[in-house]
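Now for the letters of each chain:
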Amino acid sequence: MTYAALLDQLRRESPLVHCITNYVAMNFAANVLLAAGASPAMVHAPEEAGEFARIAGAVTINIGTLSSHWLEGMRAAAEAANESGKPWVLDPVAHFATTFRSKAVEELLALRPTVIRGNASEIMALAGNASSGRGVDSGDSVERAEASATSLAQRTRAVVAITGEVDFVTDGRDALRIAGGSALMPKVTAMGCALTCLIGGFVAVAPASPLIATASALACFGVAGSQAAQQAAGPGSFAWRFIDALAALDGNTLQAQVMPA
Ligand SMILES: Nc1ncnc2c1ncn2[C@@H]1O[C@H](COP(=O)(O)OP(=O)(O)OP(=O)(O)O)[C@@H](O)[C@H]1O
Ligand SMILES: Cc1ncsc1CCO
Ligand SMILES: [Mg+2]
């Protein structure tokens, strides 16, 4: 299965991706999924999140703007995904910052996510190691967090992705690095959150290959990010150029971004 074939499949099948993401990311993430070829739905109410998860191809859960009410919706969606055999992706935004967040993430981890995606500080803290994260931004390098990702993947049996200058993804045994992107990406809010939603799109079409599916989403961001940066005057024009680049992405460019770690 090539990365190009997976992108083709995503565009052909346009999977319904049930996203529970934060208020900051909702609009951008939905546009990223549409540009890539998937069909996003932002649904978080506890009254309907479980029911919706059952009709989606995958669920993504991001705790960026958490409240008790939202957490109830997240629980319902993750449980329904598990019961109906759907993959789900966890984005533990700034989970180390408060007791409420860390307890919520502990609870969600117990529901066995298929993929966990975070920045280096988030993944180091999730593996129980010291990190220099402050709020939603990373204070650590991806390289420093790689061992944490491997131990977290082995403990949770999830695929774990760390994003940053060069991304790292592992299932606890095999590991890949994904190059590309741009230094403008951490200057645009919710880039990582949107990527988590796109991972949901890829695992929806390849639920049996979460490592390759996750690497495909990371490679899409790597290529579209490098292309958008070539013409961007700053973070504002980068953001819309990035959406355009994703929509025009040539699947044959993805393979060159990925190397074995
Ligand atoms: N310095 C960099 N150079 C190239 N690409 C980068 C750089 N920093 C981040 N990226 C890319 O930006 C995307 C988002 O990753 P990042 O680690 O910034 O997420 P995040 O911190 O969770 O973001 P957010 O919480 O704002 O959504 C990924 O595709 C990553 O590869
Ligand atoms: C800025 C911000 N605050 C909570 S979530 C979020 C989006 C980036 O993670
Ligand atoms: Mg983040």
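Cut-offs and rules
Residues numbered from 1 in each chain as written. Chains lettered and ligands numbered in written order. Predicted model: local features only at pLDDT ≥ 70, side-chain atom pairs only at ≥ 80, totals over all residues. Heavy atoms only, no water. Phe/Tyr/Trp six-rings, centres within 6.5 Å; stacked < 30°, edge-to-face > 60°. Salt bridge = Lys/Arg side-chain N within 4 Å of Asp/Glu carboxyl O. Helix = DSSP H or I, 4+ residues; strand = E, 2+ residues; numbered from the N terminus. Buried < 20%, exposed > 50% of the residue type's maximum accessible area, 1.4 Å probe, protein only. Near = heavy atom within 4 Å. Areas by Shrake-Rupley, 256 points an atom, 1.4 Å probe, with all protein chains shown as cover. 1 Å grid on protein atoms, 1.4 Å probe; cavity = no way out; pocket = protein on both sides within 12 Å on 5 of 7 lines; lining within 4 Å. Sits in = over half its atoms within 2 Å of the grid points. Nonpolar A, V, L, I, M, F, W, Y, C, P; charged D, E, K, R; others polar. Polar contact = N/O pair within 3.5 Å; in protein donor to acceptor, adjacent residues only side chain to side chain. Core = buried A, V, L, I, M, F, W, Y, C linked by side-chain atoms within 4.5 Å. UniProt positions renumbered as here; feature names shortened; annotations may be inferred. Contact = heavy atoms within 4.5 Å.

A. Focus on the packing of aromatic side chains. Taken as a whole and assessed by the stated rule, the structure comprises 3 aromatic pairs. Taken together, Phe221, Phe238 and Phe242 form an aromatic cluster joined through their ring pairs.

B. Spatial organisation of the pattern of salt bridges. Per the stated rule, a full pass over the model turns up 6 salt bridges. A salt bridge links Glu83 to Arg54, with the nearest nitrogen and oxygen atoms 2.6 Å apart. You can see Glu83 sitting in helix α4 (residues 68-83) and its partner Arg54 sitting in helix α3 (residues 49-55), a full 29 residues away along the chain. Owing to a relative accessible area of 42%, Arg54 belongs among the partly exposed residues under this scheme. The closest approach of N and O atoms between Arg117 and Asp91, which form a salt bridge, is 2.8 Å. Here Arg117, found in strand β5 (residues 115-119), pairs with Asp91, found in strand β4 (residues 88-91); they are 26 residues apart in sequence, far enough to count as distant. Considered together, Arg117 and Asp91 belong to a single accessibility category, that of buried residues.

C. Up close: the site of ligand 2. Looking at ligand 2, the residues that line it are Asn22, Val24, Gly64, Val93, Val136, Thr189 and Cys193. Coverage of ligand 2 by the protein chains reaches 74% of its 290 Å² of free accessible surface. Mapping ligand 2 onto the cavity grids shows that it belongs to the largest pocket. Residues of the shell around ligand 2, tallied by class, amount to 4 nonpolar, 3 polar and no charged.

D. Fine view of helix α2 (residues 26-36). Across the 11 residues of α2, 8 count as buried, placing the element largely inside the fold. Those residues of α2 lying buried are Met26, Phe28, Ala29, Ala30, Val32, Leu33, Ala35 and Ala36. Positive phi appears at Gly37, one or two residues downstream of α2, with a value of about 120°.

E. Main features of the site of ligand 1. Close to ligand 1 lie 18 residues, the nearest being Arg117, Thr163, Asp167, Gly192 and Cys193. Residue Asn119 places a side-chain N or O atom 3.2 Å away from an oxygen atom belonging to ligand 1. Residue Cys193 places a main-chain N or O atom 2.9 Å away from an oxygen atom belonging to ligand 1. In isolation ligand 1 has 630 Å² of accessible area, and contact with the protein removes 88% of it. Put simply, ligand 1 lies in the largest pocket. Residue assignment for the shell around ligand 1 shows that the elements contributing at least two residues are β5 and α8 (191-205).

F. A look at the nonpolar core. If you look at the biggest cluster of nonpolar residues, it comprises 55 residues, and the most contacted ones within it are Val169, Leu198, Phe202, Phe221 and Phe242. At the level of secondary structure, the elements contributing two or more residues to this core comprise α1 (3-13), β1 (16-20), α2, β6 (159-163), β8 (175-178), α8, α9 (210-231) and α10 (235-247). Here the element with the most residues in this core is α9; it accounts for 11 residues. Core analysis: the second largest hydrophobic core is formed by 39 residues, Trp88, Ala145, Ala149 and Ala153 among them.

G. Structural context of the UniProt feature "binding site: substrate" (unreviewed entry) in the chain. Listed under "binding site: substrate" (unreviewed entry) in the UniProt record, and renumbered for this structure, are Met42 and Ala190. The annotated residues contributing to the lining of the largest pocket are Ala190. Here Met42 is in contact with Cys19, Thr21, Met26, Ala29 and Ala30, once residues within four sequence places are set aside. Secondary-structure assignment places Ala190 in the loop between β8 and α8.

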